[in-house]
Amino acid sequence: LSIHAHSYNWASLLSAKCLPQLAELRIHDPIPLSSDTLYEESFALEDPLVAPALIIVHLHGGRLLPLDAPQLSTLILENIRTSTYRILDLLRDCPRLQHLTIDSGVLQSGARGPENVVYLPDLRSLTLRLHAVVRSELKQGMMYSEDVRVEEADEMDRDGLPLARA
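What you are looking at is a predicted structure, and each value in this text was computed from that prediction instead of being measured.

Each packed pair of helices is defined by two parameters, the angle between the axes and the distance between the axes. Where helix H2 (residues 84-92) meets helix H3 (residues 132-140), the closest approach of the two axes is 10 Å, and the angle between their N-to-C directions is 35 degrees. In this structure, H2 crosses over H3, and the sense of that crossing is right-handed. Between H2, through Thr84, Ile87 and Leu88, and H3, the contact on the second element is made entirely by Val134, Glu137 and Leu138. The residue makeup of the contact of H2 with H3, split by class, is four nonpolar, one polar and one charged.

Let us look at unusual backbone geometry. A positive phi angle is found at Asn79, which is not glycine, with a value near 55 degrees. Turning to its location among the elements, Asn79 is positioned in the loop between strand S6 (74-78) and strand S7 (82-83).

This next bit is on the environment of Val133. Mapped onto the fold, Val133 is located in helix H3. In this structure the C-alpha to C-alpha distance between Val133 and Asp154, which are 21 residues apart in sequence, comes to 9.9 Å.

Another aspect to go through is H2. Along H2, seven of the nine residues are buried, which leaves the element largely enclosed by surrounding structure. Every buried residue belonging to H2 is among Thr84, Tyr85, Arg86, Ile87, Leu88, Leu90 and Leu91, and all of these are buried.

Inspection of the secondary structure puts Glu46 in the loop between strand S2 (24-28) and strand S3 (49-50). According to the relative accessible area criterion, Glu46 is exposed, its value standing at 54%. For the pair Glu46 and Leu64, spaced 18 residues apart in sequence, the C-alpha to C-alpha distance is 9.5 Å. The contact partners of Glu46, leaving out residues within four places of it in the chain, are Pro66 and Arg86.

Right, let's get into the pattern of salt bridges. Scanning the entire structure with this criterion turns up seven salt bridges. Two residues, Arg92 and Asp89, come together in a salt bridge whose shortest N-O distance is 2.8 Å. Of this pair, Arg92 and Asp89 both sit in helix H2, three residues apart, which is roughly one turn of that helix. On the accessibility criterion, Arg92 (34% relative accessible area) is partly exposed. The class of Asp89 is partly exposed, set by a relative accessible area of 25%.

In this section: the confidence of the model for the chain. Across the chain, the average pLDDT comes to 80, with 71% of residues at or above 70. Segment residues 35-42 is flagged for pLDDT under 50; beyond a separation of four residues in sequence, or across chains, it makes eleven contacts in the model.

This part takes up the pairing of strand S11 (residues 125-129). Across the five residues of S11, four count as buried, placing the element largely inside the fold. The pairing of strand S8 (residues 99-103) with S11 spans five bridges and is parallel. The residue of S11 that forms the bridge with Ile102 is Leu128. As defined by bridge partners, S11 adjoins strand S13 (residues 149-153) across five bridges and the pair is classed as parallel. Bridge assignment links Leu128 to a residue of S13, and that residue is Glu152.

Conventions adopted
- Residues numbered from 1 in each chain as written.
- Predicted model: local features only at pLDDT ≥ 70, side-chain atom pairs only at ≥ 80, totals over all residues.
- Heavy atoms only, no water.
- Axes fitted to C-alpha atoms, helices over the stretch in contact; angles between N-to-C directions.
- Helix = DSSP H or I, 4+ residues; strand = E, 2+ residues; numbered from the N terminus.
- Left-handed = near helix turned anticlockwise from the far one by under 90°.
- Contact = heavy atoms within 4.5 Å.
- Nonpolar A, V, L, I, M, F, W, Y, C, P; charged D, E, K, R; others polar.
- Buried < 20%, exposed > 50% of the residue type's maximum accessible area, 1.4 Å probe, protein only.
- Salt bridge = Lys/Arg side-chain N within 4 Å of Asp/Glu carboxyl O.
- pLDDT = per-residue confidence, 0-100.
- Pairing = 2+ DSSP bridges.

Structure (structure tokens):
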């Protein structure tokens, strides 16, 4: 399923649905970076998309879609409005994840605690293009093998310059 939205947030439509045969999901949702609702917790989706056969997800823009996808092997998140603890909660429900990319977006700080570390035993590659504080927080919340290929970079603006955060 590949959806490029122009006015509707498709992640919210898929929340709490069951799609047992869905293998790949790509959503490009339009939410402007200047939106005042980006930091509101009410913006978060709570109910997962249940997709037992899902193996690839690419979400661009909009909200983080919670997933119940035990077969998921590849997850790409770009410009997703959420907090680090919500990403860690999502990863907790993806035990077979092999490739994870989180590229820019407006991620709030807010990891829960060391008792909530996410174990990713099958992870092979991790790409984090985020503000250094957010990268650090996410990495502290994940445990993975030492042989994982890790690529880290600062979040960039449209002109390729590092974004500064207050």
